[in-house]
Amino acid sequence: DLPPDLQSLRTGDIDVKHYPLDGDVAHLNHGAFGGSPNEFINIEYALRSRAHKNPSAFYDTLCLPLIRESVHVARDFFQGNVILQPNCTIALKSVLSSLGSDEGLQVAALAPIYGATSKLLRHLYSDITEIKPGMFCESAQEIIRLLEQAYASSKFNVLVADHVSSQSARILPMAEVVQWCRERGIISIVDGTQACWFQNDVWPDYYVLSTHKWLCNIKTCAVIRIDGEAIVPEPVGVSFGHPDKDDRHLWVGMLDYMPYILLAKALRVFSSQGADMVVASSAMLQEGFQYLGCPVLGQSSAQPSSAHMPRTMTLLRVHRCEEDLQNALERQGVCVSVKNLEGNTYLRVSCWTYNTLKDFQLLGECLNYKLRLDAAVGSTKEAQETRKRGQILEQIEAQMDLTDKLYSHLTVEAFFIRAEKLRHPLIFYYGHTAVFFINKLCLGQYLSDADRIDPELESLCAVGVDEMTWDDLTVGEWDKVSPEDQPKQLERVRNYRQRVREILRNMILNPSNELNLPITPSSIWWVFLMGIEHSRIHIETSSVIIAQLGVEYVTPSLAWPVCPHQTDKAPVNSLISVAGGVVTPGRPLNGTTYYGWDNEFGSGRGIQLESFEVSQTLVSHAEYAEFVNSGGYNNQEWWSAEGWEWAKNKQGPLFWNVNCKGNRSEDAKLRTIMHEIDLPPSWPVVTNNYEAEAFCNWKSSVLGKHVRMISHPEWLLLAKRCKRQDYNINMRKWASPCPVDMHGEPLGQDGSMVYDIRGNLWQHSRSLLTVLPEFEVHPLYDDFTLPTIDGQHSFILGGSWASLGNCADVEARYGFRRHFYQFAGIRYVCSRNEDRSAPARLVQGEVCIALSEHYMNFSSDILTTPRPVMNGMKEFGQYASTFISDQDNVLVLNGSVGRVTFEIAAHASPKSILHTDPTANALDAFLYARENGTIRYERTLEGNLCKTESYDLPSEWLDAIRKIDVSVKQVDMFRLAVGVIEPVDVAVVDLVQLGVFNCPRRAQIPPLLFSLVKEGGKLIMLRPKNAYKTSSENLRVSGFQDTGMRYDIAHICPETMRKHRFSESEVLVFTRIGGEELSCVTGSGTSSECCSPDCTPLYEQCDVVDTYEAFHYSDQPVIGVKNFHIACAEFCVELCREYGVTLEHAFDVGCGPGRLGLELSAHFKSVVSMDQSEAFVDMLESRKASNVTAVIGDALFAHNDERVGGKRYNLIVGANLVDRLLDPSAWIQSAKDLLSDDGLLVILSPFTWSKEHTPPEKWLGGFRRDAEVVYSIHGTKRVAAPELTLKRSPQEIPMAIPDADGIVQYTLSQCLVFGRQ
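Hey, could you run me through the packing of helix α11 (residues 381-407) against helix α14 (residues 486-509) in this one?
The relative placement of two packed helices is expressed as an angle between their axes plus a distance between the axes. One way to put it is that α11 packs onto α14 with a least axis distance of 10 Å and a crossing angle of 170°. Accordingly, the angle class assigned to the pair α11 and α14 is roughly antiparallel. From α11, R389, I392, L393, I396, E397, M400, D401, T403 and D404 reach across to α14, where they touch R497, V500, R501, L504, R505, I508 and L509. Tallied by class, residues from the contact of α11 with α14 come to eight nonpolar, one polar and seven charged.

Written out as structure tokens, the structure is:
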């Protein structure tokens, strides 16, 4: 009887999915080292505990009986005589030794066999007959044929084979091979270690296997099954302890006998559950390959039997460039075996009961270069973060390595040749992908300018292709580098790339760079992912350029193999009917799994497509040759006007050699990236978009029906139906295209195959590149998408053989100008589906402020009381709608760009709307939005930097407004004559007009409103509260009676990133009355006449001085915002205390009326306040304390002013100053001379740059340099360095300046605090 803790040795009912494996790893390598269930480990622990606690009792009384029990169980299980050995290698040696000496033995090995077995045979025998049916041959007929052939040549009497090859996972037709051996008296020895099923009708003479793999025993014990009269091998050792012949194999001296004992448990479990385990694992392997591609050896889900062994292990062929692929995958959390067989690389993927689809998904992501934003594996948060850091570092290293390998095959001269006039020489791109990382990390302030490696190189290698012009690229002088200097410059770039590697490694492994999952666009980790994907793009585009170099500049390499399938004939292309459906482009950013570029995110609308016909394959060289041979390049009929201009003097596509006119001939060549080969007719042709369009026009004439390039929605519909992962993409197989009929799926309505929906070559599209609704540009790469949304860039679809990662993704949105070459070809369709995709016109200029007011929801955190609604025009329009019936004729005055009109149409459905505005630009924007359903405009952020905003009108708006009689008229209310507009039932007027930059009549009521409304009609008016100090109760509008109804709206409009206009407004409702018509308006508080221009300097004008006096010296909060100058003084004093600055001398530069200096004087021994405005300084003089010196002077020359010089200041403050100086850099430099060693320079500014105050070349920011965005914080830091550094992260202090018309300028002043190093 067994003790209680060992009772489970005799049961086979366990949970076969629970293994003590590391949950932070995807284990797809069971075939390498096996694994044992938790219960086996627990029994092992109990046995070892007994052996350690009482060795005598364990080894004298318990051990041998338990081993005997395992032998009896094994004999029943394997249906024959069984002996146990320490491991399989020892067991094989024991079997071979039992057969006698080398003399008389002729040993043959049926390849492939396990590497250790091969070495053992060569160690024991001088001559081995090796029979090679092929790594993956499972044909009994072919194997027997080769055995016969080998036997006829050299009579062998021993055959060694693997039941399942450890190298290739090939399953041996064992019954047929063993029977063939018996008929010839040949001893058969089969290694069954990798077999997962053991119920055989025919057994070899010796069947040897390790039990720690598919039987899941603990390590390690081997079984030898001896068939019939075969010689029983001698024990591997002779022990005096157990002379009984039945036990001589059981006890051979002191070994680890725990695996021997546990073998009984393993066999009982397999007897009980083995069939289910094998079938489930085989099914999981088959299902899991949907993420991987096509296995080398096919799958079968049939039940295991003596004639059939389910496959739990197979190979996947891959093409990779990592030096150590197995370790690279392990660093990304995937354990799998890498096999290099016959010049090709394979992954041996094995599956067992503990595996899930998630394991295969992770391996698929690694193979497809997918950048996952969350953690694929990891049992704890810390483990997930650690794994993610390792994955990102591995991906960076892999892309750096791949780029280096690609460029390593070029001569030095090749780097400096401009092979394509539209792109830089290759040396630029070799540096560009590394420079990108540093520039983006600096732009995001994750690195400082002091961390730059080579600022000159980071400028020279910054700007790539000019996507916004037709002109050939002229930036850069890399092709002008002298031959003598070329090796030096190349070495410079190589060293730079190595330095970048080191910086990135340190940043990624630095725990202070916190990693929170999932990674979001605002994270430093997004920048790393962005850099990885950017590198991958340039691996492909660099390959395109390399393919245009002369072959003498490139050294071919087996690392970049050309597809060997180059048949003489191409398949005949035909049109296949495919079902229509609804397809929705785009993906939401929230919850997305993988990295994507900004243009991929957004909520696309469902597009209904009719059924259509699609070409079965991409256009092959043979099919395109028909177009060329028919004179296609000489016939203007097939070409667009732009295409024909491009095609002049062209004879054929770019990568055909000059002698090739289309027919396959001995001199017809195709250029691949490193070779020139005979033109393969069955490969797809590479063209540009112009050529693709011309071919389709020609093909239409041939077919007698119209065909065109496929559209993006049509392609997306088909791509989302694709299931296979074995397309020629991600460099999975070759560094070239392959025949057009190799990779397909049954996408036709009748099940017909359609090939290469993804991969092989990109597919040119008729669709213009657009952005999705809710598109948001990424601030660190704002020129990735926007320059391409110009109506000149067409989609390319599906990726090519060279497309890696995101480029190969179904949701990717890439496009090029039509004359550009990528590895892109042609797929044509016959379709009635309309392709309306076209980028909305980009609106620019002052009207964009109105577009922000009307269509942008304001959700920023601001400190106003009351808090503004998200969209004031929405609120106004919806409230006005409550007074409108479906029979009303409505007039919208000052309707601007139309939000109020759209809201009225959607919520009230009146009979008609007349939409008016004084400006044609606003009306034009409204009309465009109405017709096209979308608006794109540029919102100013800072200086010349803008953000493109998009707004897609809801479909219910568009439906509603199309049912209404809507007309448009350009009307200035103040110049309107009676009778120009017919009276209406309801007039809606916006007198606030926050979105109008310069509005001299804001809040004023036009005198002739009575003429616009029918008697009894309504006037609904939005007006700032208390404009011109007139309350609504005192407001009188001629011809109208106030209903007394009020509706308050606090609303805001962004002018720049930090400057806004705010209004506490109210909606007033009046009823048109009859009787006397007044010709004027009372209570408006101001004249409606325009004033003549005031030529007095701005800051000396009376109204400006009055406004600034209130801004400085009013202690009452404005819209809840504290007095700005008091807040600044408190901030500065607190800073000085925080950094231990002596409170002795302070300098307030550009002080205005001087409130900040006065506040500082309460804390500092002395304060100097300087301003250019005599009026401002006079105001300060009337209020200043005794320790304040008021100085009229120019900030740029303050350091030379004797009233200021002679001392060094502990605090220098420039509040709202630098963006009003002629030369802000000069002032910062002069401030350094005036600052004490412990002093602080505090610059507060909204950075609202304008050329009226500062020449653009003197701006600190708000522009682009080397294609990178430069904000003012970057430029200010650059000018302050090296003497001064930024002491803390920027923060913002709000200020509120009320205007007489009721509008409040709400501005955020960014606070930059500098101190000495």
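Moving on, there is more to tell.
Would you explain the environment of D1238 in this entry?
In this fold, D1238 is placed in strand β41 (residues 1235-1245). Looking at D1238, the relative accessible area reads 31%, which means it is partly exposed. Each C-alpha atom of the pair D1238 and A579 lies 75 Å from the other, and the pair is 659 residues apart in sequence. Sequence-distant contacts of D1238, that is, excluding residues within four places in its chain, are made with G1140, V1141, T1142 and N1210. Separated by 3.4 Å, the side chains of D1238 and N1210 make a polar contact. A distance of 2.7 Å separates a polar atom in the side chain of D1238 from a polar atom in the side chain of S1236.

So what exactly am I meant to see when it comes to the sheet that holds strand β16 (residues 612-615) here?
Within a sheet, neighbouring strands are paired by backbone hydrogen bonds and run either parallel or antiparallel to one another. Within the open sheet, the four strands sit side by side as β13-β16-β26-β19. Their pairing is antiparallel. Looking at the sheet topology across the chains shown, the edges are occupied by β13 (575-578) and β19 (708-709). Across two bridges, the pairing between β19 and strand β26 (residues 828-830) is antiparallel. Paired with M709 across the two strands is Y828, which belongs to β26.

What is the right way to look at unusual backbone geometry in this model?
What is expected of a backbone is that most residues other than glycine have negative phi and most peptide bonds are trans. Looking along the chain, the bond that leaves A111 and enters P112 is cis, with omega of -5°. Looking at the secondary structure, you find P112 in the loop between β3 (107-110) and α5 (115-124). Cis geometry marks the peptide bond from L517 to P518; its omega dihedral reads 0°. Locating P518 in the fold gives a position in the loop between α14 and α15 (524-546).

Explanation requested: the sheet that holds strand β27 (residues 842-843) in the structure shown.
If you trace the three strands from one edge of the open sheet to the other, you get β27-β30-β31, paired in mixed fashion. Unpaired on one side and paired on the other, β27 and β31 (945-952) mark the two borders of the sheet. Where strand β30 (residues 934-942) meets β31, eight bridges bridge the pair, whose relative direction is antiparallel. Residue pairing in the sheet places I935 in a bridge with Y951 of β31.

What is the right way to read the pairing of strand β12 (residues 344-350) from this model?
With five of its seven residues buried, β12 lies for the most part within the structure. For strand β9 (residues 313-318) and β12, the ladder comprises six bridges, and the chain directions are antiparallel. When the sheet's bridge partners are listed, T314 is paired in β12 with V349. Pairing of strand β11 (residues 337-341) with β12, which is carried by five bridges, proceeds in the antiparallel orientation. Each residue of the ladder has a partner; that of V338, found in β12, is L347. Between β11 and the antiparallel strand that follows it, β12, lie two residues; E342 among them carries a positive phi value of about 55°.

Even after reading the chapter, I still don't get the confidence of the model for the protein, so can you show me in this structure?
Should the pLDDT be low somewhere, the predicted coordinates at that spot are not to be read in detail. Summary statistics for the protein give a mean pLDDT of 89 and a share of 95% for residues scoring 70 or more. Considering only residues more than four positions removed or in separate chains, one finds that residues 466-475, a stretch of pLDDT under 50, has 22 contacts. Taken together, the stretch residues 660-666 has pLDDT below 50 and engages in 19 contacts with residues farther than four places along the chain or on a different chain.

Can you walk me through α11 in this structure?
Along an α-helix, a turn takes 3.6 residues, which lines up residues three or four apart on a common side. Helix length check: α11, at 27 residues, gives a terminal C-alpha distance of 39 Å against a target of 39 Å (1.5 Å per residue), a fit within 8%. Most of α11 sits inside the fold, with 19 of its 27 residues counted as buried.

It is not clear to me how the packing of aromatic side chains should be interpreted in this structure. Could you clarify?
Two descriptors summarise a pair of aromatic rings, namely the distance from one centre to the other and the angle between the planes of the rings. Enumeration over the complete set of coordinates arrives at 59 aromatic pairs. Taking the centre distance of 5.3 Å and the plane angle of 75° together, the rings of Y879 and F883 count as edge-to-face. Residue Y879 is classed as buried on the basis of its relative accessible area of 17%. A ring pair is formed by F1247 and W1249, whose centres lie 6.1 Å apart and whose planes are at 25°; its orientation type is stacked. With respect to class, F1247 is no different from W1249; both count as buried. Sitting over the ring of Y594, K370 keeps its end group 4.2 Å from the ring centre. Over the ring of Y1113 we find R1183, and its NZ or CZ is 4.1 Å from the ring centre.

Where do I start with the side chain of N728 in this structure?
Looking at where N728 falls in the secondary structure, it is placed in the loop between α19 (712-719) and β20 (744-745). Each residue touching N728, except ones within four places of it in the same chain, is listed here: K733, W734, S736, P737, C738, H743, G759, N760, S800 and W801.

What am I meant to see in the pairing of strand β45 (residues 1291-1298) here?
Remember that side chains alternate between the two faces of the sheet whenever the strand is regular. Note that β45 and strand β46 (residues 1303-1316) share eight bridges and pair antiparallel. The residue of β46 that forms the bridge with P1294 is L1308.

For this particular structure, what's the right way to read the packing of helix α12 (residues 426-443) against α14?
Interhelical geometry of α12 versus α14 gives an angle of 30° and a closest axis separation of 10 Å. Taken together, the axes of α12 and α14 are roughly parallel relative to one another. α12 and α14 meet at a crossing whose hand is left-handed. Contact residues: α12 offers I427, Y430, G431, T433, A434, V435, F437, I438 and L441, while α14 offers L490, V493, R494, Y496, R497, V500, I503, L504 and M507. For the contact of α12 with α14, the per-class residue count stands at 14 nonpolar, two polar and two charged.

Got a minute to help me understand the environment of T882 in this structure?
The residue T882 is located in the loop between α21 (872-881) and β28 (889-893) in this model. Classification of T882 by relative accessible area gives exposed; the value is 58%. The spatial distance from the C-alpha of T882 to the C-alpha of H907 is 8.1 Å, given a sequence separation of 25 residues.

What is the right way to read the environment of M174 from this model?
With respect to the helices and strands, M174 occurs in helix α7 (residues 174-183). Under the relative-accessibility criterion, M174 is labelled buried at 4%. Measuring from C-alpha to C-alpha, the distance between M174 and D162 comes to 9.2 Å, with 12 residues separating the pair along the chain.

Any chance you could explain the pattern of salt bridges here in plain terms?
Once their charged atoms are close, side chains differing in charge can pair, the charge on each being opposite to the other. This structure, assessed with the given rule, holds 69 salt bridges. Residue K405 is joined to E323 by a salt bridge in which the shortest nitrogen-to-oxygen separation is 3.6 Å. Taken together, the residues K405 in helix α11 and E323 in the loop between β9 and α9 (325-331) connect sequence positions 82 residues apart. On the accessibility criterion, E323 (70% relative accessible area) is exposed. The residue R939 makes a salt bridge to E949 at a minimum N-O spacing of 3.0 Å. One end of the pair, R939, is in strand β30; the other, E949, is in strand β31, with 10 residues separating them in the sequence. Of the two residues, R939 and E949, neither departs from the other in class, the shared state being buried. Among the ionic contacts, a cluster of salt bridges with common partners joins E397, D401, D404, R497, R501 and R505.

The rules behind the values
Position labels on residues start from 1 in each chain and follow its written sequence. Given that the model is predicted, a residue must reach a pLDDT of at least 70 before its local features are reported, and side-chain atom pairs must reach 80 or more before they are shown or counted; all residues, however, enter totals for whole chains, interfaces and linings. Calculation of side-chain values draws on the structure's entire complement of heavy atoms; hydrogens and water are dropped beforehand. Axis definition: a line fitted to C-alpha atoms, limited for helices to the stretch in contact. Angles are taken between N-to-C directions and run from 0 to 180 degrees. A run of H or I in DSSP counts as a helix once it spans at least four residues, and a run of E counts as a strand once it spans at least two, with each numbered from the N terminus. Note on angle classes: values under 35 degrees are labelled roughly parallel, values over 145 roughly antiparallel, values of 65 to 115 roughly perpendicular, and the remainder oblique. Two residues form a contact once any of their heavy atoms are found within 4.5 Å. Put simply, Ala, Val, Leu, Ile, Met, Phe, Trp, Tyr, Cys and Pro go in the nonpolar bin, Asp, Glu, Lys and Arg in the charged bin, and everything else, Gly too, in the polar bin. With a 1.4 Å probe rolled over the protein chains alone, any residue whose accessible area is under 20% of its type maximum counts as buried; one over 50% counts as exposed, and the rest are partly exposed. As used in this structure description, the phrase polar contact means that two N or O atoms lie within 3.5 Å; if the pair is within protein, one of them must be able to donate a hydrogen and the other to accept it, and residues adjacent in sequence are counted only when both atoms belong to side chains. For two strands to count as paired, DSSP must find a minimum of two bridges between them. A score between 0 and 100, pLDDT records how confident the predictor is in each residue. Here the expected span of a helix is defined as 1.5 Å times the quantity of residues minus one. The aromatic pairing rule takes the rings of Phe, Tyr and Trp, using the six-membered ring of Trp, and pairs them if the centres are within 6.5 Å, calling planes under 30 degrees apart stacked, those over 60 edge-to-face and the rest tilted. Working rule: Lys NZ or Arg CZ, within 6 Å of ring centre, within 35 degrees of ring normal, means a charge sits over the ring. For any pair of crossing helices, the crossing counts as left-handed if the nearer helix is rotated counterclockwise from the farther one by less than a right angle, and right-handed if it is rotated clockwise. A pairing counts as a salt bridge when a side-chain nitrogen of Lys or Arg comes within 4 Å of a carboxyl oxygen of Asp or Glu.

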